[in-house]
Amino acid sequence: MQMDSGAKEQKVKISGLTFPRLKEWVTSELGMKPFRAQQLFSWIHLKRVHSFHQMTDISLSARNQLDLACEITAFEICNTIAADDGTVKYSFRLEDGEVIESVLIPDPPRLTACLSTQAGCRCGCTFCQTGRGGFRRNLRTDEIVAQLYGLQNSTDDRISNVVFMGMGEPMDNFPALSDALSIISDDRGICIGARKITVSTVGIPGGIEKLTQLDGQYGLAVSLHSAVESTRLKLVPVSKALPLRELKRDMMNYVNRKGRRITLEYCLIAGINDTLEEASALAEFAGDIECKINLLIYNPVEGAPYRRPDSESVNRFMQHLYPRCQAVILRRSRGSDIAAACGQLGPSGRSTSLN
Ligand code: SF4
């Protein structure tokens with residue numbers, strides 16, 4: 001049960017409870033009938049109201065009881081910046097003053113919300129603005145969900161897809177992530193199907209395994225960035241704990257168990273991982289995995305010693321991969337002019353990191 005971190009109120013963060021937990025809590029702790037859980041879940045996650053007093057089909061005495069015992073987390077947007085391509089980056093201030101960033105990416109007919117799972121990140125990827133800023137804390141489930149509702153309430157268009165590629169390593173905050181996945185995909189609420197939700201990871205021990213054990217067919221994206229151990233270690237220092245062979249084992253297990261193709265994210269950085277040797281290693285690593293490869297062009301971040309590759313190197317890299325891999329896509333970087341693109345979200349109020 002998630003309680004307020006402040007000692008004063010100790011109200012339950014009800015918007016962070018999955019439906020089964022909500023039902024158990026309202027019946028055992030508040031002595032309410034089970035149908036109240038259905039009403040509450042619908043008000044909070046479908047109609048997205050912020051106050052119990054807006055719940056007109058719940059009696060006044062029950063509303064007062066709820067008001068004393070729990071609260072609904074809602075974020076105020078403290079800043080938005082729109083990019084030329086329609087991508088919008090949102091900053092939310094949390095109750096303890098932390099600022100996190102989320103991104104809304106229109107790509108008709110899809111509208112994708114990119115969510116953060118941590119304030120900062122402890123993985124320390126050397127190309128990433130978030131990683132360079134260090135780790136501050138995990139987000140709670142209610143905070144992860146509140147980001148999505150903050151984004152949804154800011155637009156008339158329905159959010160169709162969710163990617164966990166914002167600030168933080170989602171698998172490093174797995175309990176909160178897992179409950180958020182359950183709430184977001186629940187058909188009593190905002191109902192974004194598991195197949196429309198993608199969790200991105202750089203690969204930490206046990207992370208992919210835990211996602212494999214969840215019921216939903218969530219999408220999995222692995223931020224590989226190099227299939228050469230020494231290069232990957234330089235870019236993603238935590239890869240030391242999960243070498244490429246073990247990472248590949250976990251990925252293949254995911255594909256076999258879920259029957260879903262996974263995505264490999266590969267951010268091309270000049271002179272580091274854009275060589276033909278790196279392309280060959282990537283082709284060999286990915287050749288027997290049911291996957292697609294998303295190539296991204298590095299977006300410079302302040303203080304990082306890396307450069308964007310030129311178009312000639314990018315083309316050469318792609319030409320080398322095409323005959324050897326099932327699907328290779330050069331992904332448009334969205335929102336790079338507002339620092340909302342991959343690796344750019346950060347603690348300075350500039351933007352988010354995408355795993
Ligand atoms: S790329 Fe992802 S995992 Fe790596 S430091 Fe940035 S936010 Fe963390």
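Small disclaimer: the values here were computed from a predicted structure and weren't measured. (Residues numbered from 1 in each chain as written. Predicted model: local features only at pLDDT ≥ 70, side-chain atom pairs only at ≥ 80, totals over all residues. Heavy atoms only, no water.)

Regarding the overall build of the chain
Inference 1: Scanning the chain for helices and strands turns up 11 helices and 14 strands.
Inference 2: Computed over its C-alpha atoms, the radius of gyration of the chain comes to 21 Å, within 12% of the 20 Å expected for a compact globule of 355 residues.
Inference 3: Along the first, second and third principal axes, the C-alpha set of the chain runs to 70 × 40 × 40 Å.
Inference 4: Residues counted as buried form 59% of the 355 residues belonging to the chain. (Helix = DSSP H or I, 4+ residues; strand = E, 2+ residues; numbered from the N terminus. Rg over C-alpha atoms; globule rule 2.2 N^0.38 Å. Buried < 20%, exposed > 50% of the residue type's maximum accessible area, 1.4 Å probe, protein only.)

Quick look at the pattern of salt bridges
Think of it this way: side chains of opposite charge can pair up when their charged atoms draw near.
Inference 1: One pass over the structure, following the stated rule, counts 15 salt bridges.
Inference 2: Between Glu 95 and Arg 140 there is a salt bridge, with its nearest N and O atoms 2.9 Å apart. You can see Glu 95 sitting in the loop between strand E4 (88-93) and strand E5 (99-107) and its partner Arg 140 sitting in the loop between strand E8 (135-138) and helix H5 (141-152), a full 45 residues away along the chain.
Inference 3: Between Asp 142 and Arg 140 there is a salt bridge whose closest N-O contact spans 2.9 Å. Each member of the pair, Asp 142 together with Arg 140, is buried.
Inference 4: What emerges from the salt-bridge pattern is a single network uniting Lys 13, Glu 71, Glu 95, Asp 96, Arg 137, Arg 140, Asp 142 and Glu 143. (Salt bridge = Lys/Arg side-chain N within 4 Å of Asp/Glu carboxyl O.)

Considerations on the domain arrangement of the chain
Interface size is commonly expressed as the accessible surface area that is lost when the partners come together.
Inference 1: Taken as a whole, the chain is organised into domain 1 (12-71) and domain 2 (77-338).
Inference 2: Centre-to-centre separation of domain 1 and domain 2, based on C-alpha positions: 33 Å.
Inference 3: Contacts between domain 1 and domain 2 engage 15 residues on the former and 15 residues on the latter.
Inference 4: Across the domain 1 to domain 2 interface the summed buried area is about 1300 Å²; carbon plus sulfur atoms make up 56%.
Inference 5: Together, Lys 13, His 45 and Arg 48 form the three largest contributors to the area buried by domain 1 at its contact with domain 2, with a combined 39%.
Inference 6: Here domain 1 is connected to domain 2 by five residue pairs in polar contact (both at pLDDT 80 or more). (Domains from an automatic or database assignment. Contact = heavy atoms within 4.5 Å. Buried area = accessible area lost by both parts, 1.4 Å probe. Polar contact = N/O pair within 3.5 Å; in protein donor to acceptor, adjacent residues only side chain to side chain.)

Some points on the sheet that holds E4
Inference 1: Spatially, 10 strands are ordered E3-E4-E5-E6-E9-E10-E11-E12-E13-E14 in an open sheet, and the strand pairing comes out mixed. The open sheet terminates on both sides in strands that have one partner only, identified here as strand E3 (77-82) and strand E14 (328-330). Strand-to-strand twist across the sheet, computed as the mean angle between neighbouring axes with direction ignored, equals 20°.
Inference 2: Bridge count for strand E6 (residues 110-114) against strand E9 (residues 161-164) is three bridges, and the pairing is parallel. Bridging from a neighbouring strand, Thr 112 pairs with Asn 161 of E9.
Inference 3: Here helix H11 (residues 311-321) sits on the sheet in contact with strand E12 (262-268), strand E13 (291-297) and E14, set at roughly 170° to E13. (Pairing = 2+ DSSP bridges. Axes fitted to C-alpha atoms, helices over the stretch in contact; angles between N-to-C directions.)

A short note on helix H3 (residues 60-69)
Inference 1: Listed as buried for H3 are Ala 62, Arg 63 and Leu 66. Down the axis of H3, the buried set is contained in an arc of 100°. They therefore lie on one face. Facing away from the buried side of H3, by more than 90 degrees, are the exposed residues Leu 60, Ser 61 and Leu 68. (Arc of directions from axis to C-beta.)

Section: the environment of Thr 141
Inference 1: You can see Thr 141 is positioned in helix H5.
Inference 2: For Thr 141, a relative accessible area of 0% translates into the label buried.
Inference 3: Distance in space between the C-alpha atoms of Thr 141 and Lys 13 is 8.9 Å, their sequence separation being 128 residues.
Inference 4: Among the polar contacts made by the side chain of Thr 141, one reaches the main-chain carbonyl oxygen of Ala 176 at a distance of 3.3 Å.

A word on the packing of H5 against helix H6 (residues 174-185)
Inference 1: Contact geometry of H5 with H6 gives a least axis separation of 8 Å together with a crossing angle of 45°. Taken together, the axes of H5 and H6 are oblique relative to one another. Considering only the axes of H5 and H6, their crossing is right-handed. Between H5 and H6, the residues in contact are Thr 141, Ile 144, Val 145, Leu 148 and Tyr 149 and Pro 175, Ala 176, Leu 177, Asp 179, Ala 180, Ile 183 and Ile 184, respectively. (Parallel < 35°, antiparallel > 145°, perpendicular 65-115°, else oblique. Left-handed = near helix turned anticlockwise from the far one by under 90°.)

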